[in-house]
Amino acid sequence: MTYKIILLGPQGSGKGTQAQILSKKLNVPALAMGQLLRDEVAAGSDVGLKVDGILKSGNLVSDEVAAEVLQARLSRPDAVNGYVLDGYPRNLKQYAAFTFDAPTHVIVIEVPREESLRRLGGRLTCSSCGAVASTKDGAKEGDACACGGKFVRRDDDTEAAINRRLDIYDNDTTPMLGKFEEKGVLVRVDGVGSVEEVRERIMEKLAI
Ligand SMILES: [Zn+2]
């Protein structure tokens, strides 16, 4: 069985954590678009040079160029047996550009808005490696990360900013889910509970 998984969910759903868990369990790469773009720039490939030019001119990478980067990444040997794609595509335009591969499962981790706000309100992010911790678990601003960096509160983790991102998810991502539902690959998972509980629900739905 090949698992080509897209993992979606609103901010604060814990999908990044679950993507890492699934990646290890299935021995396939966990991919996120932001990192793919940075990797491609660092590699200096043709499309990487294109991305670099777009970003340096202060523009956003178009859905077509992002799709080009993703297609190149999925053709690499380690992704031949599957992948866990974290948070992409996230709207109908990106969905329309994602023509070169077919996911076997699109897992949506569902959490109510109050839960996202509660989780993200206490979120601290490592300024070096991007790892997250929560003040609800006793972490404090300035704490050291295992990588040697420090945990900080991001400017975009204010309640207003979080609400704006959740609105974008409701308006842009939710309508796209219907497309995957029509294809019979959509899997909805309740995201309320511990990382371990959500992990078990996902494994159960995937029958792994
Ligand atoms: Zn770190």
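To be clear, the structure that these remarks concern was listed above.
Figured I'd write up the structure that's included with this text. (Residues numbered from 1 in each chain as written. Predicted model: local features only at pLDDT ≥ 70, side-chain atom pairs only at ≥ 80, totals over all residues.)

## Details of the sheet that holds strand β3 (residues 82–86)
Taken in spatial order, the five strands make up an open sheet running β2-β3-β1-β4-β8, and their pairing is parallel. Of all the strands in the sheet, the pair left with one neighbour each is β2 (30–32) and β8 (186–190). Strand-to-strand, the axes of this sheet are offset by a mean angle of 25°, without reference to chain direction. Bridge count between strand β1 (residues 3–8) and strand β4 (residues 105–110): four bridges; the pairing is parallel. The residue bridging L7 from the neighbouring strand is I107, located in β4. Against the sheet, helix α8 (residues 195–206) makes contact with β4 and β8, and its axis sits at roughly 150° relative to β8, the strand it touches most. (Pairing = 2+ DSSP bridges. Helix = DSSP H or I, 4+ residues; strand = E, 2+ residues; numbered from the N terminus. Axes fitted to C-alpha atoms, helices over the stretch in contact; angles between N-to-C directions. Contact = placed C-beta atoms within 7 Å.)

## A few points about the sheet that holds strand β6 (residues 132–134)
Within a sheet, neighbouring strands are paired by backbone hydrogen bonds and run either parallel or antiparallel to one another. Across the sheet, three strands lie side by side as β6-β5-β7; this open sheet has antiparallel pairing. Of all strands in the sheet, those with a lone pairing partner are β6 and β7 (151–152), marking the two edges. Pairing between strand β5 (residues 123–126) and β7: two bridges, direction antiparallel. Among the inter-strand pairings, T125 is bridged to a residue of β7, identified as V152.

## What to know about the pairing of β4
As paired strands, β4 and β8 are joined by five bridges and run parallel to one another. Residue I109 lies in a different strand from β8, and its bridge partner there is V189.

## Things to note about the packing of helix α1 (residues 15–26) against α8
Viewed as axis vectors pointing N to C, α1 and α8 meet at an angle of 55°, and their least axial separation amounts to 11 Å. If you check the angle between α1 and α8, you find them oblique. When you trace α1 past α8, the crossing you get is right-handed. Contacts between α1 and α8 involve T17, Q18, I21 and L22 from the former and V195, V198, R199 and I202 from the latter. (Parallel < 35°, antiparallel > 145°, perpendicular 65-115°, else oblique. Left-handed = near helix turned anticlockwise from the far one by under 90°.)

## Here's the deal with the nonpolar core
With 30 residues, the main nonpolar core has I5, L7, V84, L85 and I107 as its most contacted residues. Secondary structure elements with two or more residues in this core: β1, α1, β2, α2 (33–43), α4 (63–74), β3, β4 and α8. In this structure L7 touches K15, Q18, A19, V84, L85, D86, G87 and I107, once residues within four positions along its chain are discounted. (Core = buried A, V, L, I, M, F, W, Y, C linked by C-beta atoms within 7 Å. Buried ≥ 20, exposed ≤ 12 C-beta atoms within 10 Å, placed from the backbone.)

## Brief notes about the packing of α2 against α4
Between two packed helices, the angle of one axis relative to the other and the distance separating the axes together describe the packing. Contact geometry for α2 and α4: axes closest at 10 Å, N-to-C directions at 80°. One element, α2, and the other, α4, form an angle in the roughly perpendicular class. Of α4, the residues touching α2 (which contributes M33, L36, L37 and E40) are A66, V69, L70 and R73. When its residues are assigned to classes, the contact of α2 with α4 shows six nonpolar, no polar and two charged. (Nonpolar A, V, L, I, M, F, W, Y, C, P; charged D, E, K, R; others polar.)

## Focus: the environment of T104
In this fold, T104 is placed in the loop between α5 (92–97) and β4. Taking C-alpha positions, T104 is 31 Å from L49, a pair spaced 55 residues apart along the chain.

## Some points on unusual backbone geometry
Peptide bonds are mostly trans, and most non-glycine residues show a negative phi. Going from Y88 to P89, the amide bond is cis rather than trans, its omega being -5°. Relative to the helices and strands, P89 is located in the loop between β3 and α5. The backbone of N27 sits at a positive phi, close to 60°, despite the residue not being glycine. Inspection of the secondary structure puts N27 in the loop between α1 and β2. The phi dihedral of A207 falls on the positive side, at around 55°, and the residue is not glycine. By the secondary structure assignment, A207 is in the segment after α8. Given 6 C-beta atoms within a 10 Å radius, A207 is considered exposed.

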